[in-house]
Amino acid sequence: MPLRRSYTASVERNVLWQGDFATEPYEAAWASEAIFFVRALDVDTDFGGAEAHVQISADGIRWVDEGTTMSLPTAKDAVTFCKVAHFGGFLRIKGALAPDEKIKVLVSLVLKE
């Protein structure tokens, strides 16, 4: 049995999310499955939680919702994740926070063939 190829990319590092947010697009056409991990590096005391949703794209410019959602972590150093398959070329997560909320994150994308 051949060894499956995998790769972990840090797509956001020490990024402060406020209002509308989206991660940098990541090209992952070679992979057959992906997992987004979101770790809270710092959470505003008013942060009540929010959701992010996975988006897919054929060209990394025009985006559509894939259907998978995930709750964002609500405590410092907490981690949440979501799994995705059948996604085509590019992946990202997108969401929106209430105007008075903010969270600093580390987002990793783990890809496996």
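Residues numbered from 1 in each chain as written. Predicted model: local features only at pLDDT ≥ 70, side-chain atom pairs only at ≥ 80, totals over all residues. Heavy atoms only, no water.

## Section: unusual backbone geometry
Basically, it comes down to this: The way it works is that DSSP assigns letters per residue, a run of H or I at least four long becomes a helix, a run of E at least two long becomes a strand, and they are numbered from the N terminus.
With phi around 70°, aspartate 77 is a residue other than glycine that occupies positive phi space. Among the secondary structure elements, aspartate 77 is positioned in the loop between strand 6 (64-71) and strand 7 (79-85). Positive phi outside glycine occurs at histidine 86, with the angle close to 60°. Along the chain, the position of histidine 86 falls in the loop between strand 7 and strand 8 (90-96).

## Topic: the packing of aromatic side chains
To be explicit about the condition: The rule is short: rings of Phe, Tyr and Trp, with Trp giving its six-membered ring, pair when the centres are within 6.5 Å, and they are stacked under 30 degrees, edge-to-face over 60, tilted in between. Here the term buried applies to any residue with accessible area under 20% of the maximum for its type, exposed to any over 50%, and partly exposed to those in between, with areas from a 1.4 Å probe on protein chains only. Any Lys NZ or Arg CZ that is within 6 Å of a ring centre and within 35 degrees of that ring's normal is treated as a charge sitting over the ring.
This structure, assessed with the given rule, holds two aromatic pairs. Summarising the aromatic geometry, the rings of phenylalanine 37 and phenylalanine 81 are spaced 6.0 Å apart at their centres and angled 35° between planes, so their arrangement reads as tilted. You can see phenylalanine 37 sitting in strand 4 (residues 33-43) and its partner phenylalanine 81 sitting in strand 7, a full 44 residues away along the chain. Phenylalanine 81 gets classed as partly exposed once you look at its relative accessible area, which sits at 47%. It is arginine 5 that lies over the ring of tryptophan 30; its NZ or CZ is 4.3 Å from the centre.

## Overview of the pairing of strand 9 (residues 102-112)
Defined as follows: For two strands to count as paired, DSSP must find a minimum of two bridges between them.
Bridging between strand 1 (residues 6-18) and strand 9 involves 11 bridges; their strand directions are antiparallel. Among the inter-strand pairings, tryptophan 17 is bridged to a residue of strand 9, identified as isoleucine 103. Sheet analysis places strand 4 next to strand 9, joined by 10 bridges and oriented antiparallel. Residue phenylalanine 36 lies in a different strand from strand 9, and its bridge partner there is leucine 109.

## Thoughts on the sheet that holds strand 1
As a reminder, the rule being used: Lines fitted to C-alpha atoms define the axes here, with helix axes fitted over just the stretch in contact, and angles between the N-to-C directions of these axes take values from 0 to 180 degrees.
Across the sheet, four strands lie side by side as 1-9-4-7; this open sheet has antiparallel pairing. The outermost strands of the open sheet, each flanked by one partner alone, are strand 1 and strand 7. Adjacent strand axes in the sheet meet at a mean angle of 20° when their direction is disregarded.

## Digging into the nonpolar core
One broad trend across soluble globular proteins is that nonpolar side chains are buried collectively. The cut-off we apply is this: We call a set of buried Ala, Val, Leu, Ile, Met, Phe, Trp, Tyr and Cys residues a nonpolar core when their side-chain atoms join them within 4.5 Å. Contact between two residues is taken to exist if any of their heavy atoms lie within 4.5 Å; hydrogens are not considered.
Of all hydrophobic cores here, the largest spans 29 residues; its most connected members are Trp17, Phe36, Leu72, Leu91 and Ile93. The set of elements that each furnish at least two residues to this core consists of strand 1, strand 4, strand 5 (51-57), strand 7, strand 8 and strand 9. Not counting residues up to four positions away in its chain, the partners in contact with leucine 72 are Trp17, Phe21, Val38, Phe47, Ala50, Ala52, Thr80 and Leu97.

## Observations concerning the side chain of arginine 92
Under the convention used in this document: Within this scheme the basic residues Lys and Arg register as positive and the acidic residues Asp and Glu register as negative, but His and the chain ends are omitted. Salt bridges are counted wherever a side-chain nitrogen of Lys or Arg sits within 4 Å of a carboxyl oxygen of Asp or Glu. In the analysis that follows, any N or O atom pair within 3.5 Å is treated as a polar contact, provided that within protein one partner can donate a hydrogen and the other can accept it, and provided that, for residues neighboring in sequence, both atoms belong to side chains.
Its location among the elements puts arginine 92 in strand 8. Buried within the structure, arginine 92 lacks any salt-bridge partner; aspartate 65 is the closest side chain of opposite charge, at an N-O distance of 7.3 Å. Separated by 2.7 Å, the side chains of arginine 92 and glutamine 55 make a polar contact. Setting aside chain neighbours within four positions, we find arginine 92 in contact with Ala22, Thr23, Glu24, Pro25, Phe36, His53, Val54, Gln55 and Trp63.

Scope: geometric values only; no functional claims are made or implied.
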